[in-house]
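# An overview of the molecular structure
Given next are the chains, with one letter for each unit.
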Amino acid sequence: MMRGRRRLLVAVGAATFATAFAATGVSGTAQARTAVSAGVVTTGTVLPVSTALPALAARSAVPARATGYPSFTAPGKTLKLGAKGSAVKALQARLKELGYVPGSLDGQYGGATLTAVWAFQKVQGITPTSTIAARTWRALENPRAPKVLVSGGKANRVEVNLTKQVMVLYRGGEPVLISHISSGSGVPYTEYATWNGKRQRFSGSARTPTGDYKTTWRVKGWHRSYLGQLYNPVFFNGGIALHGALSVPLYPASHGCVRLPMNVAEILPGMLGKGVPVHVRGAFQR
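The notes below deal with the structure included here.

Analysis parameters
- Residues numbered from 1 in each chain as written.
- Predicted model: local features only at pLDDT ≥ 70, side-chain atom pairs only at ≥ 80, totals over all residues.
- Heavy atoms only, no water.
- Helix = DSSP H or I, 4+ residues; strand = E, 2+ residues; numbered from the N terminus.
- Buried < 20%, exposed > 50% of the residue type's maximum accessible area, 1.4 Å probe, protein only.
- Contact = heavy atoms within 4.5 Å.
- Areas by Shrake-Rupley, 256 points an atom, 1.4 Å probe, with all protein chains shown as cover.
- Pairing = 2+ DSSP bridges.
- Axes fitted to C-alpha atoms, helices over the stretch in contact; angles between N-to-C directions.
- Core = buried A, V, L, I, M, F, W, Y, C linked by side-chain atoms within 4.5 Å.
- Polar contact = N/O pair within 3.5 Å; in protein donor to acceptor, adjacent residues only side chain to side chain.
- Parallel < 35°, antiparallel > 145°, perpendicular 65-115°, else oblique.
- Left-handed = near helix turned anticlockwise from the far one by under 90°.
- Nonpolar A, V, L, I, M, F, W, Y, C, P; charged D, E, K, R; others polar.

### Quick look at the overall build of the protein
- Looking only at helices and strands, the protein has seven helices and eleven strands in total.
- Out of the 286 residues in the protein, the part that is buried amounts to 41%.
- Once local pairs closer than 6 in sequence are excluded, the contacts in the protein between residues at least 24 apart make up 54%.
- Carbon and sulfur atoms make up 55% of the accessible area of the protein, which amounts to about 14700 Å² in all.

This is how it looks when you write it as structure tokens:
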């Protein structure tokens, strides 16, 4: 009799848990199993929802779902790079609404939209791809916010996630610009370049150091450094900058700077003042 009562308590607790978490997308047996493993529901006690919610949240590494955005109904049409039409325009508008930078809302799926898609997919835990299919559409309907790297950070700050290869600009405590990046490759280099009228040898680790920095000087337009051309660079750690580049692949490839898509680098300096904290965290796993 006692064993049956315990089963009933677990079932009732799991049902309460399932109702409370209906919006998370976890359902049925998975919810009950999660509730028990998290200690929210035990074989002798049913915790109230007010206790259950924080208990699960404390054990979850999944970023919270974004709130405050208008609802969105996905067209559901599979899109590939080069696609055109109303479904692409809906994709672009939704990405922009969520803080990503898809370029012009012109209904043409080109490079700027692609890098915004990559950034969105990475934040959502989706392997980045150029194809917009069911999983990405569902995430656009119910998006997750970027993972906060520095809890208690200043309201205006930049967070660079080397693990996900994503940059987030916060203003007023809210993520207002989220971008795909390519950071330092980590592959030591030795290169020769003519600098100050003399051919010189330059070597380094091609690493983007983690740490806490602040934006310093900047250059408008193209800036020639001894290792290449930087577009609209905003420096934050000596010669390391956030800057636009013609190549921003899906892997770390720079000498140490944080490469941005050109359309992001076009608008970022106007949104990012001097002395703004820049927090660099994580490590990319190849």
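After presenting the structure, the write-up continues.
### Some details on the sheet that holds strand β11 (residues 277-281)
- Ordered in space as β3-β2-β1-β11-β6, the five strands form an open sheet in which the pairing is mixed. The strands lining the two open edges of the sheet, one partner per strand, are β3 (174-180) and β6 (211-214). Here the average twist between neighbouring strands, direction ignored, is 20°.
- Bridge count between β6 and β11: four bridges; the pairing is antiparallel. Opposite Lys-214, over in β11, you have Pro-277 as the bridge partner.
- Contacts between helix α5 (residues 111-124) and the sheet are confined to β2 (166-171) and β3, with β3 contributing the most and set at about 115° to the helix.
- Strands β2 and β3 of the sheet are contacted by helix α7 (residues 262-271), whose axis makes an angle of about 150° with β3.

### Here we look at the environment of Gln-229
- In this structure, Gln-229 sits in strand β8 (residues 228-237).
- Distance in space between the C-alpha atoms of Gln-229 and Leu-246 is 9.4 Å, their sequence separation being 17 residues.
- With near-sequence residues (within four places) excluded, Gln-229 lies in contact with Trp-222, His-223, Arg-224 and His-243.

### A look at the nonpolar core
- In this structure, Leu-79, Leu-91, Leu-95, Tyr-100, Tyr-109, Trp-137 and Leu-140 are the most contacted members of the largest nonpolar core, which totals 27 residues.
- Among the secondary structure elements, those contributing two or more residues to this core are α4 (86-97), α5, α6 (134-141) and β2.
- Every residue in contact with Leu-140, bar those within four places of it in the chain, is listed here: Phe-72, Leu-91, Arg-94, Leu-95, Leu-98 and Phe-120.
- Counting 21 residues, the second-largest nonpolar core is a separate cluster that includes Val-101, Met-167, Ile-240 and Leu-268.

### Here we look at the side chain of Gln-124
- Along the chain, the position of Gln-124 falls in helix α5.
- Apart from residues lying up to four places away in sequence, Gln-124 is in contact with Tyr-100, Ala-139, Pro-143 and Arg-144.

### Here we look at the side chain of Arg-157
- Examined against the element boundaries, Arg-157 turns out to sit in strand β1 (residues 157-161).
- The buried category is assigned to Arg-157, whose relative accessible area is 6%.
- Within polar-contact distance, the side chain of Arg-157 engages the backbone oxygen of Lys-154 at 2.8 Å.
- Apart from the residues lying within four places of it in its own chain, the contact partners of Arg-157 are Val-148, Val-150, Val-168, Leu-169, Tyr-170, Val-276, Pro-277 and His-279.

### Notes on unusual backbone geometry
- Even without being glycine, Gln-165 reaches a positive phi, approximately 60°.
- Looking at the secondary structure, you find Gln-165 in the loop between β1 and β2.
- What makes Gln-165 buried here is its relative accessible area of 2%.
- Phi is positive for Asn-232, close to 50°, though the residue is something other than glycine.
- You can see Asn-232 is positioned in strand β8.

### So, the packing of α4 against α5
- It is at 11 Å that the axes of α4 and α5 come closest, and there the two elements cross at 55°. As far as their axial angle goes, α5 and α4 are oblique. Note that α4 runs across α5; the crossing there is left-handed. Side by side, α4 and α5 meet where Leu-91, Gln-92 and Leu-95 of the first sit next to Thr-113, Ala-116, Val-117 and Phe-120 of the second.
- Taken together, the residues that form the contact of α4 with α5 break down as five nonpolar, two polar and no charged.

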